[in-house]
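Descriptive structure summary
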Amino acid sequence: MDGTRYSGPIREARVFPHGLVAAGFADDDRLAQVLDRYPAGLIDINLYDYQDDGGHTLRTGARGALSGADLLKAIQQGRLWVNLRDVQDGWPELWAAAMDEFGAIQSSIPGLKAVRNAGQLILSSPKSGAPYHFDNAGVVLFHMRGRKRVFVYPGDETHLPEASMEQVIALQTTEEIPYRPDFEADASVIDLEPGQALTWPIYAPHRVRNLDQFCVSLSMDFQTWGSRFRNGALFTNAVLRERGGRPRPTDRMARPELAARWAASLALKKAGVMKSRIHDLARDFEPDAEAADGVRAL
């Protein structure tokens, strides 16, 4: 299945081997030590409540005062989805090893040339998952512990409306986008084991479900010049749409027009024309290894 309407070197979901598991990066002792020292401002602690129709609500939590070992215990027995952002700064040893693995994957995909990489380490409870969403970059998901199921959907206007993409890229909403249960007929389903890495077309919507095991994955984002230009064009379109315009879809734009709108986005961001609405989400719980779902209310 061709997974996107956007040009790019990755046209469908692909699985690759990697060697991060053998290096011990997902062991309990190593993870507890990392949680002890990781900057609290770079830790996102989330809990999703799912409805029968596939919808969800998001609750966000604070790091709290737990030791790394106790925080890890709360994640392992609860219902949490925890992101350690900016792994390139927070855990340089893991990042260096992951970049070596990324180099091997990049060299096997003709035409792929990343110009910027960043990553987050995902520690997630056995019964947790990530809802239907998209990333505004390419992704390689290096899976290191547990088993998880990834659903990847086509990146067409039905599954990925550009108006919704604009809102995410302009930081007016989080990464989640409109979902319908009938989308499942169009999904590619991949079960990931430790030692496997998964990539998919840039922007392709996806969701994740853990298969009743504590999971550890490194999600590496990468930008190409093509994705940077398109992200800028989507931001500029968001500004135009907010002002009553009807901007042209970016998949109808050639590279020079995308580049021009990217340049315009730099000026618009510098002028502060659209303020972020997602940086001040209220936090209403802290992890607690002894509580239901691994959390206690603040």
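Calculation notes
- Residues numbered from 1 in each chain as written.
- Predicted model: local features only at pLDDT ≥ 70, side-chain atom pairs only at ≥ 80, totals over all residues.
- Heavy atoms only, no water.
- Helix = DSSP H or I, 4+ residues; strand = E, 2+ residues; numbered from the N terminus.
- Polar contact = N/O pair within 3.5 Å; in protein donor to acceptor, adjacent residues only side chain to side chain.
- Contact = heavy atoms within 4.5 Å.
- Pairing = 2+ DSSP bridges.
- Axes fitted to C-alpha atoms, helices over the stretch in contact; angles between N-to-C directions.
- Buried < 20%, exposed > 50% of the residue type's maximum accessible area, 1.4 Å probe, protein only.
- Parallel < 35°, antiparallel > 145°, perpendicular 65-115°, else oblique.
- Left-handed = near helix turned anticlockwise from the far one by under 90°.
- Nonpolar A, V, L, I, M, F, W, Y, C, P; charged D, E, K, R; others polar.

**Some details on the side chain of Gln172**
Residue placement: Gln172 occurs in the loop between α5 (162-169) and β9 (188-192). One polar contact links Gln172 to Arg277, side chain to side chain, over a distance of 2.9 Å. In this structure Gln172 touches Gln167, Met274, Lys275, Ser276, Arg277 and Ile278, once residues within four positions along its chain are discounted.

**Some thoughts on the sheet that holds strand β11 (residues 206-210)**
In spatial order, the strands read β6-β11-β8-β9; together these four strands make up an open sheet with antiparallel pairing. One side of each edge strand has no neighbouring strand; the edge strands of this open sheet are β6 (129-133) and β9. Along the sheet, successive strands turn relative to each other by an average axial angle of 15°, direction set aside. Note that strand β8 (residues 148-152) and β11 share five bridges and pair antiparallel.

**A few points about the environment of Arg296**
Mapped onto the elements, Arg296 comes out in strand β14 (residues 295-297). When its relative accessible area of 39% is taken as the criterion, Arg296 is described as partly exposed. For the pair Arg296 and Gly61, spaced 235 residues apart in sequence, the C-alpha separation works out to 9.4 Å. In this view, Arg296 contacts Asp284, Phe285, Glu286 and Asp288; residues no more than four positions away in its chain are not counted. Side-chain polar atoms of Arg296 contact the side chain of Glu286, separated by 2.6 Å.

**A few points about the packing of helix α6 (residues 225-242) against helix α7 (residues 255-271)**
Across the interface, α6 lies against α7 with an axial gap of 7 Å and an inter-helix angle of 60°. Looking at the two axes, α6 sits oblique to α7. For the element pair α6 and α7, the recorded crossing hand is left-handed. Only Arg255, Leu258, Ala259, Arg261, Trp262, Ala264, Ser265, Leu268 and Lys269 of α7 make contact with α6, whose side of the interface consists of Trp225, Gly226, Arg228, Phe229, Arg230, Gly232, Ala233, Phe235, Thr236, Asn237, Val239 and Leu240. Class assignment for the residues of the contact of α6 with α7 results in eleven nonpolar, five polar and five charged.

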